[in-house]
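Working through the structure, step by step
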Amino acid sequence: MRLAIAKIDLVALSYNLSKTKQLAPHSKVMAVLKANAYGHGLVTIAQHLTTADAFAVARIDEALALRAGGVTKPIVLLEGFFNKSDLPILLANNFQTIIHDENQLAMLESAELDAPIATWLKVDTGMHRLGIEPSQLEGFYRRLKASKNTHSAVNLMTHFPCADDLNNARTQNQITAFKQLTNDHNEQLCLANSAGILGWTESHCDWIRPGLMIYGVSPMLHCQGVDHGLKPVMRLTTKVIAIRDIPAGEQVGYGGRWQSNQPTKLAVVAMGYGDGYPRHAKHGTPVVIKGHRYGIVGSVSMDMITVDIGENSEQIAVGDEVEMWGPNLAVEEIAECADTIAYELLCNVTPRVGYQYIS
Ligand SMILES: *Cc1c(COP(=O)(O)O)cnc(C)c1O
């Protein structure tokens, strides 16, 4: 029996996808499954997103794992390919590729392929990570149109760096610039990540690329999934493995970073950074036991944390379930306590944690 378990609510997953579609009713959905479906389990999540139109991953290995798992929908590679020798793999597996630079375009043009590959030309409208300059669009577009190795449709996409912040004007500027730039081309456009979908209706266009929100979590500043009517998909749980009496004035855990001011009881909980729980979770970061919140004290260690259960100690016993995040405790709140983002916590869940899928 494993102690640490990620319970994955597949009903919530389907619910979030339909909620996403309601928000962008005219857009096709490319559900983003990179990093093991944000830590939720790549193939199982894909198999349950039956109404998505396509999937997107970052790396070819992730796409191959989906095919090996029997997933047949189109898969888009968000970083494209890296070598000419990747191209037959793309073709054989019906992978679509981003084209984000000259190097990729040249490899694609000069390859000897049996059939054309579907492409997404990525334009950098301000993120300055991947993508061609707006001024390069015409040239790239014409070459992709002309190449025998690519489908005649050249899908066009861009990405937002700041769409989580509704007060940041960059997103609107990007939307306007991208639409102007692509106006003369009768092609499919794709701009919106989750934050674009939730915050910027004008960005929805032909395709959307939701990631975090289909897992029921909010990308927006100071928001939680429930604020958008989403339901958290992951419930990370473990158990109490010991209850300890601590006299006043004792230091607890590595480095003795916490000291009891008064006699208290601690629950020792089987969850640590070896499971993906953030080591930087600060003093007082909540956990939920039997419907009540308690704060962690002392350092998070590899396999355990200590929780001050003070007054309520009679109600808690060894073997009780502890929720680290989930429907009763937003992962967004834990991320804030650990000075990080929910994305990182979700995809850092380690293989030591067992997965239970609930449908
Ligand atoms: C990860 C990613 C997404 C999904 O982002 P979310 O914020 O999780 O919705 C969309 N597009 C690109 C290019 C990405 O890398």
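Residues numbered from 1 in each chain as written. Predicted model: local features only at pLDDT ≥ 70, side-chain atom pairs only at ≥ 80, totals over all residues. Heavy atoms only, no water.

1. A closer look at the domain arrangement of the chain
Partitioning the chain into domains gives domain 1 (10-218) and domain 2 (234-358). A straight line from the C-alpha centre of domain 1 to that of domain 2 covers 37 Å. Taking both sides of the interface into account, the surface hidden between domain 1 and domain 2 amounts to around 1000 Å²; carbon and sulfur atoms contribute 65%. Inspection of the region where domain 1 meets domain 2 yields 0 salt bridges. Linking domain 1 with domain 2 are 4 residue pairs in polar contact (both at pLDDT 80 or more), by the criterion used here. (Domains from an automatic or database assignment. Buried area = accessible area lost by both parts, 1.4 Å probe. Salt bridge = Lys/Arg side-chain N within 4 Å of Asp/Glu carboxyl O. Polar contact = N/O pair within 3.5 Å; in protein donor to acceptor, adjacent residues only side chain to side chain.)

2. Notes on the packing of aromatic side chains
Taken as a whole, this structure holds 5 aromatic pairs when the rule is applied. With 5.6 Å between their ring centres and 85° between their planes, W120 and W207 make a pair best called edge-to-face. In this pair, W120 is assigned in strand 6 (residues 117-122) and W207 in strand 9 (residues 207-208), connecting sequence segments 87 residues apart. Judged by its relative accessible area of 10%, W207 falls in the buried class. With a centroid separation of 6.3 Å and 15° between ring planes, the pair formed by Y277 and W325 is classed as stacked. On the criterion of sequence distance, the pair formed by Y277 in the loop between strand 13 (264-269) and strand 14 (286-289) and W325 in strand 17 (residues 321-325) is long-range, its members being 48 residues apart. Clustering of aromatic rings is evident, with ring pairs tying together Y38, Y215 and Y343. A cation over a ring is seen here: R143 above F140, with NZ or CZ 6.0 Å from the ring centre. One residue, K231, lies across the ring of Y15, its end atom 4.0 Å from the ring centre. (Phe/Tyr/Trp six-rings, centres within 6.5 Å; stacked < 30°, edge-to-face > 60°. Helix = DSSP H or I, 4+ residues; strand = E, 2+ residues; numbered from the N terminus. Buried < 20%, exposed > 50% of the residue type's maximum accessible area, 1.4 Å probe, protein only. Lys NZ or Arg CZ within 6 Å of the ring centre and 35° of its normal.)

3. Let's talk about a nonpolar patch on the surface
Nonpolar side chains collect at one region of the surface, where L3, I241 and M304 lie side by side and expose about 230 Å² of accessible area between them. Within the secondary structure, M304 is located in the loop between strand 15 (292-297) and strand 16 (305-308). (Patch = residues over 30% accessible without salt bridge, like charges linked within 9 Å, V, L, I, M, F, W, Y side chains within 5 Å. Areas by Shrake-Rupley, 256 points an atom, 1.4 Å probe, with all protein chains shown as cover.)

4. Considering the environment of D275
Of note, D275 is situated in the loop between strand 13 and strand 14. Apart from the residues lying within four places of it in its own chain, the contact partners of D275 are A4, A270, M302, D303, N348, V349, T350, R352 and V353. A distance of 2.9 Å separates polar atoms of two side chains, one belonging to D275 and the other to R352. (Contact = heavy atoms within 4.5 Å.)

5. Things to note about the sheet that holds strand 7 (residues 150-157)
Taken together, the 8 strands give a closed barrel; going around it, the order is 2-3-4-5-6-7-8-9, and neighbouring strands pair in parallel fashion. Where strand 2 (residues 28-32) and strand 9 come together, 2 bridges link them in parallel fashion. Of the residues in strand 9, the one forming a bridge with K28 is W207. Along the sheet, helix 6 (residues 102-110) contacts strand 5 (95-99), strand 6 and strand 7; its crossing angle with strand 5, the most-contacted strand, is approximately 135°. (Pairing = 2+ DSSP bridges. Axes fitted to C-alpha atoms, helices over the stretch in contact; angles between N-to-C directions.)

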